Amino acid sequence: MSTFPPLGQVIGDFDPESFGDPINELLPFRSCKTPSDARAILREQIETDVAAMLDLIAEADAFDVIELMRMREFSIAPDPRLAPPGGASLPVEIIATVLLARPSRKPDPTPRQETRPHEVIADLHERCLRLARVASYRQLAEGQLSQDPLGRLASEYQGAVLNIRNLQYDHIRDEHDRRLFETAAASELMEAHLGYGYRDVLAVRSALNDISAERMTHLRNETGDLLVAHRHLHPKDVPRKVMEQFMAGMIPFMFLPADRSIITPIDIASGSGLDVAAVRNVLTSFAQRFDDSSSAGERVFDLLMGNNPFLVRPLMSDGHDNFALTSNEIGLDVLRRILERALPTNSPDVRRYDQKARQPISEELARTYLETVLGAPAFRNSYHYLAPKTGASANELGSNSATLRQTADDVEGDAFFLIDDVAVVVEVKGKSIADQARRGDVRRLTNDLKATIGDGARQATRVRELIETNGGIWETPTAWLDLSGVREVRTLIVVLDDVGPLGTNLADLQQAGLLPNDRPPLVLSLHDLAVIAEIGERPSEFLLYLRRRTDSPVTSYYRALDELDLYMLFLAADLYVEDDPDHVKAAHPTAPPVTSRERRRHERSAVGTMVSDNCAELTVWMNRDKLPHDENPVKPSMNARAELLSLIDQLRAAGKPGWLRAGADLLALSGEGQLRILSTIKACARATRKDKTYHEAMTAYAGLWGFATIFMATRPASSPVAKVKDRLQIYAEAKQYQLQADRAYGWVFDENGSLDDTFYLSSVAPNDPALDKLVAEMKLQPVDLTIPPIPPSARRATKRMKKGKRH
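I will try to describe carefully the structure that is included in this document.

Here we come to the environment of alanine 776. Position of alanine 776 among the secondary structure elements: in helix α34 (residues 769-778). Classification of alanine 776 as exposed rests on a relative accessible area of 54%. Taking C-alpha positions, alanine 776 is 68 Å from arginine 30, a pair spaced 746 residues apart along the chain.

Structure (structure tokens):
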């Protein structure tokens, strides 16, 4: 019997400094002139490290090495409070790629019991990490060298595909898969083209996990019980039979784990109730076989260039009904693409799948999530409307158009929400990003993005322009939908694929001409929309997110690999770039004069920011069912003052016009700005309680989203709400007109600061003699005296509060 030192000691004996400085690995790429130069550097490093790996594992059983690598990279019991599972998949995949280039599982004649693969795992791990780093440098270098506007984005997407696993939270992915594959069309096509169904995959996946966990638990308990039973003895006094029994458990547990890791169709069938042949069919379709027709170096190069077969086939098979897992569970995040690849190109099956399964399910799920996020049903769903023909403009389709048949085409939209005076136009795209694009092919990526994001943006922007230009849309040549009351239109594209950096970096898509330069749509995957629906608490939060992501400097200055990292940064109130104060002043001439302090603050804020992982808290919450029962993680929520959130909730509950935009405008304020609003309300209420009279205040916020004014009044118990509201509204109408603010919110509170009533002025006349007269009669101070230069804060805010003289 072989003896083995503790695994921790083996790892401790390894010196990672022998593998050099990552900075020195990066330096050779500085001299690259072409993508071929960068690839040559990667290829050279691969050949060096792969040759060393082959020597290290020459005698070992491939399944022993893979399971030891899995134990090195993955937690035995994944904990959502720690790093997300799957983050260390690439080292396992690199080693598996090297091993699969063998002719068989163990071509070396050395008896397996005499091999010691556990001693080289730390070395293999470090070499894999180095290759992963060099592959990332290659991607970055090619992105910088590319002359294509999407070159950098293609490089980042390729890197994300290579390095990130388990892109979706389990319960969301499983729900999406269930809804898709349990449709009659997808179920029948899956059986016809893959030879198994969705429930077969679920059963096999579940049995794989159960069998692996049961074996680990059994060995752990068996060896642990022996240690406990003989803990009082000195090691040399432990009976030989007990030591042999202990090592018999430890060897498959920690040192030669191939036998423990191997799973056969018979194992699965006995645990799942499926037929052995059916299980074999599923396992084989997700497995790779040993094949020495190409070299290990060539295979690893293909892997690191983005051609990763483990995303689809994460099992290894020795050809004798023995299967072992590598980096992932079968079917995770890829089952849909597996079916789509199996469908013959341009066949009736493709059209049936798209029309009867993928597209309708995608649209239904997107609509359901948005109804949750926005707190209202879709105003229109799968609707038709008239759009300008090629060469025609939106203004030719006004409500009085007499040339509709000549200038308009009947087209279809996916969903349209109307909440208060805000419209949200939604387009859903179910088409997948092709494998070539996922591997960094810029030309194919461009074509795929044109057919998904580009097409969706064109359609959503078309509806927005029709509403903003004409105040409505023609649903048929004889049915005009009046939307003249809409004051804000936002657009959204929902895609079925997890597009990562392709959706987060909107400025790159604008530069490539795929998105409009003005107010581009937000691009969300269906999964990320589901997460936002699960943790979002207020429609006004989502409206602000749409504004912040698509209609602010954030679009240009923030980069991220994952939309949820940006969303979590938003909830933390850290996703923000100061508006250019000169642009604000140009848009709103009545705003305060621009100060040098504001310009400096904008310059400090407007810097490029690469967003890292912000989802640790979110991951714990989304995986809370995996935590001990006595642990209750806190759901991520908007970082704002509780009193302000209460005010926003009161405005929403009242349901009076203006509540949605008011909530978003309030949440857009800095902490200082929010405190100023709350303090003003409290001060007015305190004054009213003291002197039993009416008190009022106003504050104004000018920015790139408009010029919002807020009018607040408190009333004594003896004053009717209607009378106080009328008084405040007269003042608001005059002051809003004087400021030429596009919107005004009026809030009436009782003397305790509780909200009584509201009003909303959603437009302002540019020239109104009656209001000019009212301004003069009320002796309102001139604009340049009314709003002094603002104090340092995250918003251009001004405030006045007095009992007597009007401002």
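Right, picking up where we left off after that structure.
What follows concerns the packing of aromatic side chains. A complete count under the given rule lists 14 aromatic pairs for this structure. Aromatic side chains tyrosine 383 and phenylalanine 416 sit 6.2 Å apart centroid to centroid with 45° between the ring planes, which places their arrangement in the tilted category. Of this pair, tyrosine 383 sits in strand β4 (residues 380-388) while phenylalanine 416 is found in strand β5 (residues 408-419), placing the two residues 33 residues apart along the sequence. The same class applies to tyrosine 383 and to phenylalanine 416, which are both buried. Positioned above the aromatic ring of phenylalanine 301 is the side chain of arginine 43, whose terminal nitrogen or guanidinium carbon lies 5.0 Å from the ring centre. Above the face of the phenylalanine 379 ring, arginine 380 is positioned so that its terminal group lies 4.5 Å from the ring centre.

Once that is clear, we can look at the packing of helix α8 (residues 170-181) against helix α23 (residues 526-535). Running from N to C, α8 and α23 point in directions that differ by 120°, and their axes come no closer than 10 Å. Between α8 and α23, the interaxial angle falls into the category oblique. Relative to α23, α8 is oriented so that their crossing is right-handed. On α23, the residues touching His171, Ile172 and His176 of α8 are Leu526, His527, Ala530, Val531 and Glu534.

Moving on, we come to the pairing of strand β7 (residues 472-476). The element β7 is extensively covered by neighbouring structure, given that 4 of its 5 residues are classed as buried. Bridge count for β7 against strand β8 (residues 479-482) is 4 bridges, and the pairing is antiparallel. Along β8, the bridge assignment pairs threonine 476 with alanine 479. Where β7 folds back onto β8 in an antiparallel hairpin, the turn is made up of 2 residues.

A separate point is the sheet that holds strand β3 (residues 323-325). Strand order in the open sheet formed by 3 strands is β1-β2-β3, and the pairing between neighbours is mixed. Where the open sheet ends on each side, the last strands, each with one partner, are β1 (287-289) and β3. Across the sheet, the mean angle separating the axes of adjacent strands is 35° when strand polarity is ignored. Sheet topology places β1 next to strand β2 (residues 315-317); 3 bridges connect them, and they run parallel. Paired with glutamine 288 across the strands is methionine 316, a residue of β2.

Procedures and definitions
- Residues numbered from 1 in each chain as written.
- Predicted model: local features only at pLDDT ≥ 70, side-chain atom pairs only at ≥ 80, totals over all residues.
- Heavy atoms only, no water.
- Helix = DSSP H or I, 4+ residues; strand = E, 2+ residues; numbered from the N terminus.
- Buried < 20%, exposed > 50% of the residue type's maximum accessible area, 1.4 Å probe, protein only.
- Phe/Tyr/Trp six-rings, centres within 6.5 Å; stacked < 30°, edge-to-face > 60°.
- Lys NZ or Arg CZ within 6 Å of the ring centre and 35° of its normal.
- Axes fitted to C-alpha atoms, helices over the stretch in contact; angles between N-to-C directions.
- Parallel < 35°, antiparallel > 145°, perpendicular 65-115°, else oblique.
- Left-handed = near helix turned anticlockwise from the far one by under 90°.
- Contact = heavy atoms within 4.5 Å.
- Pairing = 2+ DSSP bridges.

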